[in-house]
Amino acid sequence: MTTTKKDYSDVAGPLEQFEIKPLYPIEIGGYDLSFTNASAWMIGILVAIWAFMFFGMRKAELVPGRWQSAVEGLHEFVVGMVDENIGPNGRAYVPFIFSLFIFILVANMAGLLPYAFTVTSHIAVTFAFAAFIFLMCILIGLARHGLAWFGFFMPPGTPWYLMPLIIPIEIISFLARPITLSVRLFANMTAGHILLKIFAGFVISLGLAGGIWAAVGILPFAMNVALYALELIVAVVQAYVFALLTTVYLNDSINLEH
Amino acid sequence: MTDSRSSESLEARLAAAKARANPEADPRSVAGNAFAQGTRLALELVAGILVGAALGYFLDRWLGSSPFGMIGGFLLGLVAGFMNLMRAVNREAAKVTDAELAALPRVEDDDDEERLF
């Protein structure tokens, strides 16, 4: 970054917030395994979740306090989602869905803090989740139903002459799942954060322009406030959608319907 | 206070409680949901096409059948994308009616009423 001239145009680069910077370089066997800002934020998120759960459940009371109700409410919400989408067989997967939901939720929310790094704005993170869920769905399907699980690719009532067409289509639509799951979260977080940064950049450059322009700078500032509200909703909705679709996909593996 | 609660005023209070329990949706929240749903549905279509085209491309590399594998894969992917889109929309539609049905009995045993008796 050159700061010799008084030029602030590169201070608020909208993509700078996504840079991964190694904080503690580690290299094992030629692979770069550095402890980065992304790792630091993920650990911070885990600590925050742990604290939330620990203090919420520390003294479990029959009449829950505020903190305990927050933890219980979140848990009930996930249990309700699993019950609704998977049914009684899904109870075993509640801890997994709950961990997934709360991690993505807290990661999305933490990303909205000033100077924050949003771990879910990286496709590497979201695709790792999605790929894991994808493999998990296949393995659970095979474990529960054996080879009958492959009947999933043959919708019931398909005429035999359409089979060569329907099976590849079903396989493609199954393979598209991890892509939609990961890209949706990543794209939403990235797009929102770029928008926030761009409008914040307008505020700064208009403010520096001085005079009448500084007054005009109120407009992008107001826009940023509105966008922040929208981003809060997006952060929650995307965490919810990710967890919801995971339950929907797990349901296909657990309760083989066709 | 308890004597003046006739059955007519109960109806009115029920309606008021209903309005309090299910207020008008916040327009920002509606916008956020619509935005999320829109990107989601667009993505279903795109992902299907991408996966189909990629499968066709690698089939071509393997069998040397370029360009037919990719063309076929693209078309199959398009169909798969539309199918995923259709399923996602159907799932949304089913969810809306369920949510509306689930909202109805919740109003009857409203918290405010229970606390009074």
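Residue positions are given per chain, counting from 1 as you read along its sequence in written order. Throughout, the order in which chains and ligands are written sets their labels, letters from A for the former and numbers from 1 for the latter. Since the coordinates come from a predicted model, pLDDT governs what is reported: local features require at least 70, and pairs of side-chain atoms require 80 or more to be given and counted, while whole-chain, interface and lining totals use all residues. Here the side-chain values reflect all heavy atoms present in the structure, with hydrogen atoms and water set aside.

**Remarks on the nonpolar core**
We count it as follows: Nonpolar cores were defined as sets of buried Ala, Val, Leu, Ile, Met, Phe, Trp, Tyr and Cys residues, with membership established by side-chain atoms within 4.5 Å. A simple rule labels every residue: compare its accessible area, found with a 1.4 Å probe on the protein chains alone, to the largest value its type can have, and call it buried under 20%, exposed over 50%, or partly exposed in between. Think of it this way: any DSSP run of H or I at least four residues long counts as a helix, any run of E at least two long counts as a strand, and we number them from the N terminus. Residue contacts are defined here by distance: any two heavy atoms, one from each residue, within 4.5 Å place the two residues in contact.
In terms of nonpolar packing, the biggest core is built from 46 residues, with Ile45, Val78, Ile97, Phe101, Leu181, Phe242 and Leu250 of chain A touching the most fellow members. Going through the elements one at a time, helix H1 (37-57), helix H2 (66-85), helix H3 (94-110), helix H4 (123-145), helix H5 (163-209) and helix H7 (218-254) of chain A are the ones with two or more residues in this core. Looking at this core element by element, the count peaks at twelve residues for H7 of chain A. In contact with phenylalanine 101 of chain A, not counting residues within four places along its chain, are Leu74, Phe77, Val78, Ala239, Tyr240 and Ala243 of chain A. Core analysis: the second largest hydrophobic core is formed by eight residues, Ile172 and Ala176 of chain A together with Ala47 and Val51 of chain B among them.

**Things to note about the packing of aromatic side chains**
Residues and elements named next belong to chain A. Put simply, the test is: Pairing of aromatic rings covers Phe, Tyr and Trp, the last through its six-membered ring, and needs centres within 6.5 Å; plane angles under 30 degrees mean stacked, over 60 mean edge-to-face, and all others mean tilted.
Enumeration according to the criterion identifies 19 aromatic pairs over all chains in this entry. Ring geometry for phenylalanine 54 and phenylalanine 55: centres 5.3 Å apart, planes at 80°, overall edge-to-face. For phenylalanine 55, a relative accessible area of 35% gives the class partly exposed. When the centroid spacing of 5.6 Å and the interplanar angle of 45° are considered together, the rings of phenylalanine 77 and phenylalanine 101 count as tilted. On the criterion of sequence distance, the pair formed by phenylalanine 77 in helix H2 and phenylalanine 101 in helix H3 is long-range, its members being 24 residues apart.

**As for the pattern of salt bridges**
Under the convention used in this document: Within this document, salt bridges are pairs made up of a side-chain nitrogen of Lys or Arg and a carboxyl oxygen of Asp or Glu, the two lying within 4 Å of each other.
Under the defined criterion, the tally for this structure stands at four salt bridges over all chains. Here glutamate 170 of chain A and arginine 87 of chain B are joined by a salt bridge, their closest N and O atoms 2.7 Å apart. Taken together, the residues span two chains, with glutamate 170 of chain A in helix H5 and arginine 87 of chain B in helix H3 (residues 68-108). The residue arginine 184 of chain A makes a salt bridge to glutamate 44 of chain B at a minimum N-O spacing of 3.7 Å. Placement of the pair is arginine 184 of chain A in helix H5 and glutamate 44 of chain B in helix H2 (residues 27-63), with the two residues belonging to separate chains. Glutamate 44 of chain B matches arginine 184 of chain A in its accessibility class, with the two residues each being buried.

**Quick look at a nonpolar patch on the surface**
Residues and elements named next belong to chain A. Here is the rule: Two joining distances apply to patches: 9 Å for like charges and 5 Å for nonpolar side chains (Val, Leu, Ile, Met, Phe, Trp, Tyr), and every residue must have over 30% relative accessible area and no salt bridge. Here the accessible surface of atoms and residues is derived via Shrake-Rupley with a 1.4 Å probe, and residues count as covered only by protein chains that are part of the display.
On the surface, a nonpolar cluster with roughly 910 Å² of combined accessible area is contributed by Leu23, Tyr24, Ile26, Ile28, Tyr31, Leu33, Phe35, Ile43 and Val47. At the level of elements, strand E1 (22-24) and H1 are the ones that each hand at least two residues to the nonpolar patch. Within the secondary structure, leucine 33 is located in the loop between strand E3 (31-32) and strand E4 (35-36).

**Regarding the confidence of the model for chain B**
We count it as follows: The predictor attaches a confidence to each residue, called pLDDT, with possible values from 0 through 100.
Mean pLDDT over chain B: 75, with 63% of residues reaching 70 or higher. The secondary-structure element of chain B with the lowest mean pLDDT is helix H4 (residues 111-116) of chain B, recorded at 51, while H2 of chain B shows the highest, at 84.

**Quick look at H1 of chain A**
Residues and elements named next belong to chain A. Note the following rule: One less than the number of residues in a helix, times 1.5 Å, gives the span that helix is expected to have. Definition of a polar contact: a pair of N or O atoms within 3.5 Å, with one able to donate and the other able to accept a hydrogen when the atoms are protein atoms, and with sequence-neighbouring residues admitted only if both atoms are side-chain atoms.
Compared with an ideal rise of 1.5 Å per residue, which puts 21 residues at 30 Å, H1 spans 30 Å between its outermost C-alpha atoms and is within 8% of the ideal. The complete set of buried residues in H1 reads Asn37, Ala38, Ser39, Ile45, Ile49, Met53 and Gly56. In this fold, the buried residues of H1 make contact with E1, E4, H2 and H3. The N-cap residue of H1 is threonine 36: its side-chain oxygen and the backbone nitrogen of alanine 38 are 3.2 Å apart.

**A short note on the interface of chain A and chain B**
For clarity, the cut-off: Note: buried area is the sum, over both parts, of the accessible area (probe 1.4 Å) each one loses when the two are combined.
In this complex, chain A contributes 23 residues to the contact, which on the side of chain B involves 26 residues. Between chain A and chain B, a total of about 2,100 Å² is buried, with carbon and sulfur atoms accounting for 75% of that surface. Taken together, the connections running from chain A to chain B amount to two salt bridges. The tally of links between chain A and chain B comes to two residue pairs in polar contact (both at pLDDT 80 or more). Mapped by element, the contributors of at least two residues to the side of chain A that touches chain B are H5 and H7 of chain A. Element by element, the count of residues in the side of chain A that touches chain B is highest for H5 of chain A, at 13 residues.

**With respect to H4 of chain A**
Residue and element names in this part refer to chain A. For H4, with 23 residues, the first-to-last C-alpha span of 32 Å sits near the 33 Å given by 1.5 Å per residue. For H4, the set of buried residues is Val125, Thr126, Ala130, Ile133, Phe134, Met136, Cys137, Ile140 and Gly141. The secondary structure elements touched by the buried residues of H4 are H1, H3, H5 and H7.

**Here we look at the layout of surface pockets**
Residue and element names in this part refer to chain A. Condition: Points on a 1 Å grid, built from protein atoms alone, make a cavity when a 1.4 Å probe fits but cannot get out and make a pocket when they are open with protein on both sides within 12 Å along at least 5 of 7 lines; residues with an atom within 4 Å of a point are the lining residues. Grid points are joined across faces, edges and corners, and a volume is the space filled by probe spheres set on the points. Any residue that is not Ala, Val, Leu, Ile, Met, Phe, Trp, Tyr, Cys, Pro, Asp, Glu, Lys or Arg is counted as polar, Gly included; the first ten are nonpolar and the last four charged.
Its volume calculated, the second largest pocket comes out at about 600 Å³. What lines the second largest pocket is a set of 22 residues, and nearest its centre among them are Gln17, Pro114, Tyr115, Ala116 and Lys197. Of all the elements, H5 adds the most residues to the lining of the second largest pocket, at four residues. Residue composition of the lining of the second largest pocket, grouped by class: twelve nonpolar, six polar and four charged.

**What to know about unusual backbone geometry**
A cis amide bond, omega 0°, links serine 66 of chain B with the succeeding residue proline 67 of chain B. Although it is not a glycine, tyrosine 115 of chain A sits at a positive phi angle of roughly 65°. Classification of tyrosine 115 of chain A by relative accessible area gives exposed; the value is 85%.

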